[in-house]
Amino acid sequence: MNFWENVDYVREYREMTRKELAFKANFSVNSISTGIARGSFPAVDVACRIAKVLDVSVEFLTTGDAMNCDFSKKSKKQENENTMKDELEKRFQNMLKYSSLISDFAVISPEFQKPIEELVHKMAAK
């Protein structure tokens, strides 16, 4: 595979569109298809920016030698997204778990709701 085919391979693995990659690395999106067709190599500064965005080495993109690259690791963005998804899932599960409590709270008279709210806020602040 040539440089651009390697870029496409890693880009797809990272679940990134060509347009996203081009925007983040500041180059023309048409460069990928043109580069694949011609078997060409981009300017060094472009290659470095692409490698940085894809979180791989320029050497890997040039040679395709996986020994020089662990591109299988998740990008920081993917790790953050997974963490956020996990957190949202926990919140959703808690919401389901405590939904009956919340329903019961709604029928309590307002004079009893206020001290309970204050207690919950104090506990949440800790």
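To keep things clear, this report deals only with the structure shown in the data block.

Conventions and cut-offs
Residues numbered from 1 in each chain as written. Predicted model: local features only at pLDDT ≥ 70, side-chain atom pairs only at ≥ 80, totals over all residues. Heavy atoms only, no water. Core = buried A, V, L, I, M, F, W, Y, C linked by side-chain atoms within 4.5 Å. Buried < 20%, exposed > 50% of the residue type's maximum accessible area, 1.4 Å probe, protein only. Helix = DSSP H or I, 4+ residues; strand = E, 2+ residues; numbered from the N terminus. Contact = heavy atoms within 4.5 Å. Arc of directions from axis to C-beta.

### Examining the nonpolar core
Within the largest apolar cluster, 18 residues are counted, with the highest numbers of intra-cluster contacts made by Val7, Leu21, Phe27, Ile50, Leu54 and Leu61. Counting only elements with at least two residues in this core, the list comes to helix 1 (3-13), helix 2 (18-25), helix 4 (44-54) and helix 5 (58-63). Residue contributions to this core peak at five residues, all from helix 4. Dropping the residues within four chain positions of it, Phe27 is found in contact with Trp4, Leu21, Ala22, Ile32, Val46 and Ile50.

### Brief notes about helix 2
Residues of helix 2 that are buried: Leu21, Ala22 and Ala25. Axial view of helix 2: buried residues confined to an arc of 100°, hence all on one face. Away from its buried face, by an angle of more than 90 degrees, helix 2 presents the exposed residues Lys19 and Phe23. Those residues of helix 2 hidden inside the fold are in contact with helix 1, helix 3 (30-38) and helix 4. After helix 2 finishes, the residue Asn26 shows a positive phi value of roughly 60°.

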